[in-house]
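As a plain string of letters, each chain reads:
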Amino acid sequence: MRALSEFIGDDMAPKGSECNIDLDQIVWFLPAPRKQTLWSADPSPISSDAVIQNLSAHVEQLFVDPITSTVYHIEARPSEEGRGVIVKTLDDVDAVGREWDIRTGVHEYGGAPAIAYGGILYFSNRTNNRVYMAKEGEKPQPITPGTHFYFVHLTDLLVAILEDHTKPAPADVVTTLCLINSQTQTVSTLVSGADFYMCPCFSPDGTRFAWQQWFHPDMPWDGAEVCVASVSADATNLTVSDIKVVAGKRIDISAGWPTWASNDVLLFTSDETGYQNPWTYSVSSGKASLALSRPVEQDFSLIMWNIGIEWGAPLDLDGKFALFAPLRDGRSILTVVNLQDGTLTEIVSPYRVTHDTVAFIGEKSTEARSVVPCKLTDYSSAQFITLKAPPPAPDVPPSCISVASSITLKTDDGPLHVVYFPPTHPDYIGVEGETPPCVLNAHGGPAGLIMQGLNWTKQFFTSRGWAWLDVNFGGSSGYGRKYMERLTGNWGIVDVQDCARAVRQLAQPPFSLLDAQRCAIRGESAGGYTTLAALCFEPTTFGAGTSLFGVSDLRALAEDTHKFESHYVRKLVGGSYKELPEVWRERSPLYNAEKIKAPLLVLQGSIDAVVPPAQAKDMVRIIGEQRGRVELHIFKGEGHGWRKAENIKTALEKELSFYEGVFGLKEWRA
């Protein structure tokens, strides 16, 4: 079984528009109400405990044994201290015991912690970062020494990404592609020289090896290369030679996500045309070319945050057809690419593959992530079943679920893409003539993207009378390179302006979807920076804010953060601190805290290596010195986000209670 996308997003969401959506359908999405109530005063069946229960077995990634076609997935379990678990999907049983935490820390964001080959599991254990081998019914055995970070990829001789933290300073961390011999339990260097590596893969006959690499100061979506090499191997060793860069260019062209379509043809995506379109490289001809008959203004892959995601996969052994998960209107679609003539055939729904069957992680607007095989009877139709269904929503009627609408707004700088979730309750609706309070969410990255699948945190708010607005501001991925480059040199400007624009436009006719006077802004990580910057530079637009492990001091971030993003801020600001010290200070919320007028809630993990806790503490201290209203809560043992059930629950309840207090809504609750 070959693999396609580890994440596809929503297959049921409404499509976007150029401001010509049916406003009545959004505003009055609620069924005929039995009661009128003030917004945010209605009771909700979606409690914080219900949110935790629905996150109790969150599917993170999917992998398939290419020999046995057995499907496995990785679950994150907040109820078990947030550990990662390998699950045999069809049987719905854990593949290894509770003492194992199946995660990696490569690039800090991790991913791809396990593979299977011939009935044997290979996985990375987060507690000691060693790689283990597990045969069914036997205790896992370590096959690597030391305590480094690994991404496991192949067979008896395993190829992995090795991130060596012997010298822990970001500038001293060394990343290589390494070879793990599972029999001798030794590790040797296979490829070195670049700053980062991803997606190592072998041709079906094992004679060729491909990977993605990039160098500072680029992020992989700025400029990344796809490389191909010849392979020499025996039972105990493997070497590569004749290394060629076949696609991509530093700074200017991002190429990545390579996978072999045949022994001769390598499949990958590149934004050389302005969008991440499918390309192929032929070993025999030595040439790379667009796999489509003409460029398409859709991204067929997203940016490279996490390892182990696959956006394209071959459908046959001859390299004639491939399956992709391109983005359209903020959601994923399923498309077959004819690699012979470059034509596209869209299939109604999501994606992962044997020769005629796909297994994928899919989510709907009304249903959380599921593991779903898809039988391709032909390349224009498909049959879907569910192997791993999401846990049942406890006492949550379907009529309580808010369904997203994608909206494209017009601005002086071009289109602005947002996703709107209306307040939704089967028994309540807002008082006539009022618009609902709103939570505006600024995504992380800042080159991230919010799609339209079911998210229980959002439903926690929308079922209580809040509108929820996700803003895919200029700089977001999924809309082409030009849209992403709006943020280059403009972080803290474009993202803030777009969030403010979204509130103003959607609060006014012809939309009238939210109350601009009762709008809170919140965000995680880089979205936390946008939140803080918006409160500083748009002080009258937002009535409250929540920064979840957000950035407050750009210089400190560049000095203290991990290797993967250690040069990222320089590009986002437009130059180094040495070149533009005044700009770095002007854009840092820490040095503009006196401008914040709205109450602020700050939530932070105590062991966050991406945005260290000092960022939160310094911001809170300065606002406190200015006698501003600010609250800080630090979650012990949490990193860049919450993995433990009790912390997810506490953070959710604190955020809701904070907004209710700020906007005077608490007194309306029973």
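Since the model is a prediction, treat every value here as computed from it, not as a measurement.

Trainee: Explain the pattern of salt bridges to me, please; I cannot follow it from the model alone.
Mentor: Side chains bearing opposite charge may pair, as long as their charged atoms lie close to each other. For the coordinates displayed, the defined rule picks out 27 salt bridges. In this structure, the salt-bridge partner of R481 is D271, at a minimum N-O distance of 2.6 Å. Here R481, found in helix α4 (residues 481-484), pairs with D271, found in the loop between β19 (265-270) and β20 (277-282); they are 210 residues apart in sequence, far enough to count as distant. Like R481, the residue D271 is buried in the burial classification. The shortest N-O distance in the salt bridge between R501 and D413 comes to 2.8 Å. Taken together, the residues span a long stretch of sequence, with R501 in helix α5 (residues 494-507) and D413 in the loop between β31 (405-411) and β32 (414-421) at a distance of 88 residues. A relative accessible area of 44% places D413 in the partly exposed class.

Trainee: It is not clear to me how helix α11 (residues 645-662) should be interpreted in this structure. Could you clarify?
Mentor: What sets the pattern is the α-helix's 3.6 residues per turn: residues three or four places apart point alike. With 18 residues, α11 ought to run about 26 Å at 1.5 Å a step, and its terminal C-alpha atoms sit 26 Å apart, in line with that. Taken as a whole, α11 has its buried residues at A645, N647, I648, A651, L652, E655, L656, F658, Y659 and E660. Backbone geometry just downstream of α11 places G664 in the positive-phi region, at approximately 70 degrees.

Trainee: Would you mind going over the pairing of strand β8 (residues 130-135) with me for this structure?
Mentor: Side-chain positions along a regular strand alternate between the two faces of the sheet. Here strand β7 (residues 120-125) runs beside β8; their pairing, made up of 6 bridges, is antiparallel. Bridge assignment links Y122 to a residue of β8, and that residue is M133. Note: β8 against strand β9 (residues 141-142), 2 bridges, orientation antiparallel. Looking at β9, one finds that Y132 is bridged to P142. Hairpin connection of β8 to β9: 5 residues between the antiparallel strands, including G137 at a positive phi of 85 degrees.

Trainee: What exactly am I supposed to notice about unusual backbone geometry here?
Mentor: Among all residues except glycine, the phi angle is most often negative; among peptide bonds, the trans geometry is most common. Here the amide bond leading from G445 into P446 is cis, since omega sits at 10 degrees, within 30 degrees of zero. Following P509, the chain continues into P510 via a peptide bond in cis, with omega recorded as 10 degrees. Along the chain, the position of P510 falls in the loop between α5 and β36 (519-524). Unlike most non-glycine residues, S69 shows phi in positive territory, near 65 degrees.

How each quantity is defined
Residues numbered from 1 in each chain as written. Predicted model: local features only at pLDDT ≥ 70, side-chain atom pairs only at ≥ 80, totals over all residues. Heavy atoms only, no water. Salt bridge = Lys/Arg side-chain N within 4 Å of Asp/Glu carboxyl O. Helix = DSSP H or I, 4+ residues; strand = E, 2+ residues; numbered from the N terminus. Buried < 20%, exposed > 50% of the residue type's maximum accessible area, 1.4 Å probe, protein only. Expected span 1.5 Å × (residues − 1). Pairing = 2+ DSSP bridges.

Distances and angles like these do not, on their own, reveal function.
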